[in-house]
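Analysis of the macromolecular model
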Amino acid sequence: MIPSRVDSLLNTPERRRTPGTFIVLEGGEGSGKTTQIKRLDCWLAAHPWFQILQAHYPHAEILTTREPGGTPIGQAIRKVLLDQNSDEVMQDRAELLLYAADRAQHVESYLRPALIQGSIVLCDRYTDSTVAYQGYGRGLDLGLIEQLNAIATGGLQSDLTLWLDVDVEIGLQRTKQRGSLDRLEQASLDFHQRVRAGFQVLAHQYPKRIVRIDASLEPDQVAQQVQTVVMEHLQQWYPSFSNP
Ligand code: T5A
């Protein structure tokens, strides 16, 4: 079969053209992504491996960001997307396009420049969230989403995606305990079950890029799994930095 233009865009070995490393945390509501990104940031910054990276790339930093809302324009889009008090019902395709607009802005103005200067970028959600939420959750056409993701990212894929997997009801319970729920968190249990099933399909489809993490455990145990997987990958990507 001749690969489509979208296939060739998505298969671009983008990370080979940038010295940095792009790690994404994905998962359903309350899966602990924000908690684990903060921990991973601190752990990497204190790791001797990072000193070696900085010796090679003096401008390299460890940066954390998120979607939606990783840029000032993205923050305005995030407000519209998550507003639970709006009287107007947001249409599914409008929702999809807003996530794509946020991503296009994020990739060009923040992610790509950071990766070019050698940074390690830790991102809370990326393209797989759109497939899981708007594709499997809302039922929008997966081919359309794939095309839109390719346009929004210009082919920039994560080097590694950690899928923090937890039972939907446990995740939602965690978010409820934290306070009021946003527009997406208020969606039905069925919706969130379909989102989880979507992440399962993606992890099965892309076993090299997406690694499942058991996020039902205590935060320390989840962090331990995350660190193990990240270090294994860093050693593969930067073999000359091994055993610092
Ligand atoms: N979305 C996003 C789409 O529909 N399409 C897209 O393309 C994209 C990019 C984003 C929403 O947008 C949707 C998905 C989302 O609905 P958000 O506010 O960024 O909105 O929502 P989340 O990413 O889901 O962020 P949350 O903060 O709700 O969840 P996290 O980050 O996964 O969880 P965290 O770390 O904040 O933890 C939640 C609570 O659980 C506790 C924490 O202390 C906290 O109170 N906790 C644990 N408790 C027990 N055990 C553990 N292991 C725990 N880890 C954390």
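First, a word on what this report is: a plain description of the structure on this page. Here the structure is a predicted model, which is why all the values come from computation and not from measurement.

Some details on the nonpolar core
- Judged by nonpolar contacts, the single largest core of 27 residues is most densely connected at Ile 120, Leu 162 and Val 230.
- Secondary-structure elements contributing two or more residues to this core are strand 1 (21-27), helix 2 (33-46), helix 3 (48-56), strand 3 (120-124), strand 4 (160-165), strand 5 (210-214) and helix 10 (219-237).
- Ranked by residues supplied to this core, first place goes to helix 10 with 7 residues.
- Those residues in contact with Val 230 that sit more than four places away from it in its chain are Ile 23, Leu 40, Leu 44, Leu 160 and Leu 162.
- Judged by nonpolar contacts, the second largest core, of 23 residues, contains Met 90, Tyr 99, Ala 132 and Leu 184.

Considering the site of the ligand
- Around the ligand sit 28 residues in total, of which Glu 29, Lys 33, Thr 34, Thr 35 and Thr 130 are the nearest.
- Residue Arg 178 places a side-chain N or O atom 2.7 Å away from an oxygen atom belonging to the ligand.
- In isolation the ligand has 1,000 Å² of accessible area, and contact with the protein removes 84% of it.
- Secondary-structure elements contributing two or more residues to the shell around the ligand are helix 2, helix 4 (72-82), helix 5 (92-116), helix 6 (127-137) and helix 8 (168-178).
- Counting residues per element, the shell around the ligand draws most heavily on helix 6, at 4 residues.
- Looking at the shell around the ligand, its residues break down into 7 nonpolar, 9 polar and 12 charged.

A short note on the packing of helix 6 against helix 7 (residues 142-153)
- Running from amino to carboxyl end, helix 6 crosses helix 7 at an angle of 150°, the nearest separation of the two axes being 10 Å. Classified by the angle between their axes, helix 6 and helix 7 sit roughly antiparallel to one another. When the axes of helix 6 and helix 7 are compared, the crossing they make is right-handed. Note on element contacts: helix 7 touches helix 6 through Leu 142, Ile 145, Asn 149 and Thr 153, opposite Thr 127, Thr 130, Val 131, Gln 134, Gly 135 and Tyr 136.
- Tallied by class, the residues present in the contact of helix 6 with helix 7 amount to 4 nonpolar, 6 polar and no charged.

A look at the sheet that holds strand 2 (residues 62-66)
- In spatial order, the strands read 2-3-1-4-5; together these 5 strands make up an open sheet with parallel pairing. The sheet is open, and its two borders are formed by strand 2 and strand 5, each paired with just one other strand. The average angle at which neighbouring strand axes cross in this sheet is 20°, direction not considered.
- Bridge count for strand 1 against strand 4 is 5 bridges, and the pairing is parallel. Residue pairing in the sheet places Gly 27 in a bridge with Leu 164 of strand 4.
- Contacting strand 1, strand 4 and strand 5, helix 9 (residues 189-205) crosses the sheet at an angle of about 140° to strand 4.
- Its contacts with the sheet place helix 10 against strand 1, strand 4 and strand 5, and it is angled at close to 155° to strand 5.

Rules used in this analysis
- Within each chain, residues carry numbers counting from 1 in the order of the written sequence.
- Where totals are concerned, whole chains, interfaces and linings use all residues; where local detail is concerned, this predicted model gives features only for residues with pLDDT of at least 70, and gives and counts side-chain atom pairs only at 80 or more.
- The basis for the side-chain values is all heavy atoms of the structure; hydrogens and waters are excluded.
- Remark: nonpolar core denotes a set of buried residues (Ala, Val, Leu, Ile, Met, Phe, Trp, Tyr, Cys) joined through side-chain atoms within 4.5 Å.
- Classification of residues uses two cut-offs on accessible area relative to the type maximum, computed with a 1.4 Å probe and protein chains only: under 20% is buried, over 50% is exposed, and between them is partly exposed.
- Think of it this way: any DSSP run of H or I at least four residues long counts as a helix, any run of E at least two long counts as a strand, and we number them from the N terminus.
- In what follows, a contact means two residues having at least one pair of non-hydrogen atoms within 4.5 Å.
- Whether a residue is near a molecule or strand is decided by its heavy atoms; if any one of them lies within 4 Å of it, the residue is near.
- Under this definition, polar contacts are N or O atom pairs within 3.5 Å; protein pairs additionally need one hydrogen-donor-capable and one acceptor-capable atom, and for neighbouring residues in sequence, both atoms have to be side-chain atoms.
- Note on areas: these come from Shrake-Rupley sampling with a 1.4 Å probe, and a residue is covered only by the protein chains present in the view.
- Note that Gly is not counted as nonpolar here; it falls among the polar residues with everything else outside the nonpolar set of Ala, Val, Leu, Ile, Met, Phe, Trp, Tyr, Cys and Pro and the charged set of Asp, Glu, Lys and Arg.
- The convention used is that axes are lines fitted to C-alpha atoms, helices contributing only their stretch in contact, and that angles between N-to-C directions extend from 0 to 180 degrees.
- The cut-offs work like this: below 35 degrees is roughly parallel, past 145 is roughly antiparallel, 65 to 115 is roughly perpendicular, and the gaps in between are oblique.
- By the definition used in this description, the sense in which the near helix is turned from the far one sets the handedness, with an anticlockwise turn below a right angle giving left-handed and a clockwise turn giving right-handed.
- For two strands to be treated as a pair, DSSP must find no fewer than two bridges joining them.

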